[in-house]
Amino acid sequence: MKDSRPAEDGSSIRRRRICPDCGGRFTTFERVQLRELMVIKKTGRKVPFDREKLVRSFEIALRKRPVERDRIERAVSGIVRRLESSGEVEISSEQIGLQVLEALKSLDDVAFVRYASVYRDFSHAEDFEKVIQEINAKIARDPGLGH
C-alpha cells in the first residue's frame, strides 16, 4: 500500500495501492459498515441494502440536471448513516424512498418532481400540479431557494 487517508466526505477510506504483479497504481475506497441492513420491499420480500442502488436512484432523478457529484455522494452518505444508526436492521423501501425524496427536495426541484412522480405513483396531471404548488409555496417562504 502506498498511501491511506479519509476520503473528502469522511465516510470512507481512500487507499492508493500498487499491484504486486504489474506495478500499476490504483485507488480503492473502503467504507465502514456498521451492520448488515435488510430492505423490506412492498411485496414483503427482503433483500440486502445496496448503496449503489441508492446512488442510481439519485442519478436517474438528477439526469441532465446541474448537480455536482459530491453533493449526490453527501446526500447518499447521509441517508446511509441515518439508516445504519437507526438501530433497525430491517428498513422498508418506503422509508428509504421518503429519505430520498427529502434529500432531492433540497438538491433539485426537477429531480424531486421526477422521483415523486414514480414514488407517489402519479397518474394524473393534478398530481404534478400539487407537488409544483408545494415547491412554489416553499420558494415563497424562502425566496433564496428559487433557482
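Residues numbered from 1 in each chain as written. Predicted model: local features only at pLDDT ≥ 70, side-chain atom pairs only at ≥ 80, totals over all residues. Heavy atoms only, no water.

Condition: UniProt positions are given in the numbering used here, feature names are shortened, and annotations may be inferred rather than shown by experiment.
Per an unreviewed UniProt entry, the recorded name for the protein chain is Transcriptional repressor NrdR, and the organism is Gellertiella hungarica. Under the UniProt heading Sequence similarities (unreviewed entry), the note attached to the protein chain is "Belongs to the NrdR family." Per UniProt, the protein chain carries the Function (unreviewed entry) text "Negatively regulates transcription of bacterial ribonucleotide reductase nrd genes and operons by binding to NrdR-boxes."

1. Quick notes on the overall build of the protein chain
Where we set the bar: What counts as a helix is a DSSP run of H or I of at least four residues, what counts as a strand is a run of E of at least two, and both are numbered from the N terminus. Residue contacts are counted whenever heavy atoms from the two residues lie within 4.5 Å of one another. The protein chains shown are the only cover counted for residues, whose accessible areas, like all others here, come from Shrake-Rupley with a 1.4 Å probe.
Of regular secondary structure, the protein chain possesses 5 helices and 6 strands. N-terminal to C-terminal, the α/β element order of the protein chain is β-β-β-β-β-α-α-β-α-α-α. Summarising the internal contacts of the protein chain: among those between residues at least 6 apart in sequence, 41% fall at separations of at least 24. Summed over its atoms, the accessible surface of the protein chain is roughly 9800 Å², and 52% of this surface lies on carbon and sulfur atoms.

2. Considerations on helix 4 (residues 109-119)
Applied cut-off: Throughout this description, buried means an accessible area under 20% of the type-specific maximum (1.4 Å probe, protein chains only), exposed means over 50%, and partly exposed covers the range between. Pairs of N or O atoms are called polar contacts if they sit within 3.5 Å, as long as, within protein, a hydrogen donor faces a hydrogen acceptor (for residues adjacent in sequence, only side-chain-to-side-chain pairs).
Where burial is concerned, most of helix 4 is hidden: 8 out of the 11 residues are buried. Within helix 4, the full set of buried residues consists of Asp109, Ala111, Phe112, Val113, Tyr115, Ala116, Ser117 and Tyr119. For helix 4, the side-chain oxygen to backbone nitrogen distance between the N-cap and Val110 is 3.2 Å, and the N-cap itself is Asp108. One or two residues past the end of helix 4 sits Asp121, with phi positive at roughly 55 degrees.

3. Describing the nonpolar core
The following threshold applies: Take the buried residues of types Ala, Val, Leu, Ile, Met, Phe, Trp, Tyr and Cys, join any two whose side-chain atoms come within 4.5 Å, and each joined set is a nonpolar core.
Core analysis: the largest hydrophobic core is formed by 31 residues, its most contacted members being Phe49, Leu54, Phe58, Leu62, Ile96, Val100 and Leu104. Of all elements in the fold, only helix 1 (51-61), helix 2 (69-85), helix 3 (93-107) and helix 4 reach the threshold of two or more residues within this core. Apart from the residues within four sequence positions on either side, Leu54 is in contact with Phe49, Val76, Ile79, Val80, Ile96 and Val100.

4. Side note on the packing of helix 1 against helix 2
Here is the rule we go by: Axis definition: a line fitted to C-alpha atoms, over the contacting stretch in the case of helices. Angles run 0 to 180 degrees between N-to-C directions. Relative orientations are named as follows: roughly parallel for angles under 35 degrees, roughly antiparallel for angles over 145 degrees, roughly perpendicular for angles from 65 to 115 degrees, and oblique for any other angle. Left-handed describes a crossing whose near helix is turned anticlockwise from the far helix through less than a right angle; right-handed describes the clockwise counterpart. Gly is placed with the polar residues, together with every amino acid not listed as nonpolar (Ala, Val, Leu, Ile, Met, Phe, Trp, Tyr, Cys and Pro) or charged (Asp, Glu, Lys and Arg).
Between helix 1 and helix 2, whose axes approach to 10 Å, the crossing angle comes to 135 degrees. Between helix 1 and helix 2, the angle is such that the two are oblique. Considering only the axes of helix 1 and helix 2, their crossing is right-handed. On helix 2, the residues touching Arg51, Leu54, Val55, Phe58 and Glu59 of helix 1 are Arg69, Ile72, Glu73, Ala75, Val76, Ser77, Ile79 and Val80. Among the residues forming the contact of helix 1 with helix 2, the class breakdown is 8 nonpolar, 1 polar and 4 charged.

5. Some details on the side chain of Arg51
With respect to the helices, strands and loops of the structure, Arg51 is situated in helix 1. Residue classification places Arg51 among the buried positions, given a relative accessible area of 12%. Reaching out from Arg51, the side chain makes a polar contact with the side chain of Ser77 at a distance of 2.8 Å.

6. Describing the environment of Glu68
Structurally, the position occupied by Glu68 is in the loop between helix 1 and helix 2. Relative accessible area serves as the criterion here: at 42%, Glu68 is assigned to the partly exposed category. Separated by 39 residues in the primary sequence, Glu68 and Leu107 have C-alpha atoms spaced 9.7 Å apart.

7. Some words on unusual backbone geometry
In this structure, Lys64 is a non-glycine residue whose phi angle is positive, near 60 degrees. Topologically, Lys64 is positioned in the loop between helix 1 and helix 2. On the accessibility criterion, Lys64 (74% relative accessible area) is exposed.

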